[in-house]
Amino acid sequence: MSPTDLLSLATALGAATVGGVFFAFSSFVMRALAQLPVAQGVAAMQRINTVVINPWFMGVFLGTLLLSVACVVLALRSSHPLPLAAGLLYAIGTFGVTVAFNVPRNNRLARLGADTPEAVAYWPVYVREWTRWNHVRTVAALASAATAMSYLSHELLHR
C-alpha cells in the first residue's frame, strides 16, 4: 500500500470510529438520558462531557481531523475529488459542527446546577438541539469514512 492508501485507510477508520460513537448518542444514549428525571439526565450528560475529554477519544477525534486535513492537501495536489470530499466532510461536517454547535451547548449545560430551575428549563432544549446537531456530525463522519474507503478501493482496483 502506498502512503496515500494508508492515509485514506486511517482517515476512514478514524471517521468511522467517531461516527460510531456519535451514532450511539443519536440512536439511544440521548433518548435514555431524556427519559431520566431532569436532574439525573443533566448530571449524567455533564459527567459524559467531562469524561469524554480523554486521550483515547480525543486522540481519535483530533487525529482524524489531522488526517482529514492531509486528505484535503493530497486532493489539492492530485485533483482527485474523493480525498477532498472525505477530508471536508470530516473537518467541516464533524469537527466544525462539534465546535460550532455541540460544544457551546455542552458549555452552557456545564454552568447549570443539575437540579436548578434553569436546568429544568434548558434540558429539553439542550436534548433537542444537541441531538439534531449530533445527527449532522454523525452523518458527516460516516460519509467521510465511506468516501475515504471509496477512494481507497478505487485506487486498489485500478492498479
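This is a predicted model, so every value here is computed, not measured. Sequence order as written defines residue numbering, which begins from 1 separately in each chain. Only residues with pLDDT of 70 or above have their local features reported here, since the model is predicted, and side-chain atom pairs are shown and tallied only from 80 upward, although totals for entire chains, interfaces and linings are computed over all residues. Side-chain metrics rest on all non-hydrogen atoms present in the structure, leaving aside hydrogens and water.

> How should the nonpolar core be read in this particular structure?
As a rule of thumb, soluble globular proteins bury nonpolar side chains together. Grouped together as the largest cluster of nonpolar side chains are 15 residues, with contacts concentrated most on Met30, Met45, Leu109, Trp123 and Tyr126. By the criteria applied, helices consist of DSSP H or I runs no shorter than four residues and strands consist of E runs no shorter than two, each listed in order from the N terminus. The set of elements that each furnish at least two residues to this core consists of α1 (3-35), α2 (38-51) and α5 (117-157). Broken down by element, this core gets its largest block of residues, 6 residues, from α5. Those residues within four positions of Trp123 in sequence are excluded, and the remaining contacts are Leu33, Ala34, Val38, Gly41, Val42, Met45 and Leu109. By size, the runner-up hydrophobic cluster in this structure holds 9 residues, among which are Val18, Phe22, Leu65 and Tyr90. Throughout, nonpolar core names a set of buried Ala, Val, Leu, Ile, Met, Phe, Trp, Tyr and Cys residues whose side chains join them through atoms within 4.5 Å. Each residue is placed in one exposure class: buried if its accessible area under a 1.4 Å probe, protein chains only, is under 20% of its type's maximum, exposed if it is over 50%, and partly exposed if it falls in between. Should any heavy atoms of two residues lie within 4.5 Å, those residues are counted as being in contact.

> Teacher, can you tell me more about the side chain of Thr94 here?
Residue position: Thr94 is located in helix α4 (residues 81-110). Given a relative accessible area of 0%, Thr94 falls into the buried group. N or O atoms closer than or at 3.5 Å make up a polar contact, with two conditions inside protein: a donor-capable atom paired with an acceptor-capable one, and, for residues adjacent in sequence, both atoms drawn from side chains. Within polar-contact distance, the side chain of Thr94 engages the backbone oxygen of Arg137 at 3.4 Å. When sequence neighbours within four positions are dropped, the list of residues in contact with Thr94 reads Val18, Phe22, Phe61, Leu89, Arg137, Ala140 and Ala141.

> For this particular structure, what's the right way to read the packing of aromatic side chains?
Working definition: an aromatic ring pair is given by the centre-to-centre distance plus the angle between the planes. Only Phe, Tyr and Trp rings are paired, with Trp represented by its six-membered ring, and only when their centres lie within 6.5 Å; those with planes under 30 degrees apart are stacked, over 60 edge-to-face, the remainder tilted. This model, assessed by the stated rule, comprises 10 aromatic pairs. Where Phe57 meets Phe61, the ring centres are 5.6 Å apart and the plane angle is 15°; that geometry is what we call stacked. Of this pair, Phe57 and Phe61 both sit in helix α3 (residues 55-78), separated by 4 residues, roughly a single helical turn. In terms of burial, Phe57 and Phe61 fall into one category: buried.

> What am I meant to see in the side chain of Thr138 here?
As for its position among the elements, Thr138 is in helix α5. Residue Thr138 is classed as buried on the basis of its relative accessible area of 5%. Setting aside its immediate chain neighbours within four residues, Thr138 contacts Gly19, Phe22, Phe23 and Ser26.

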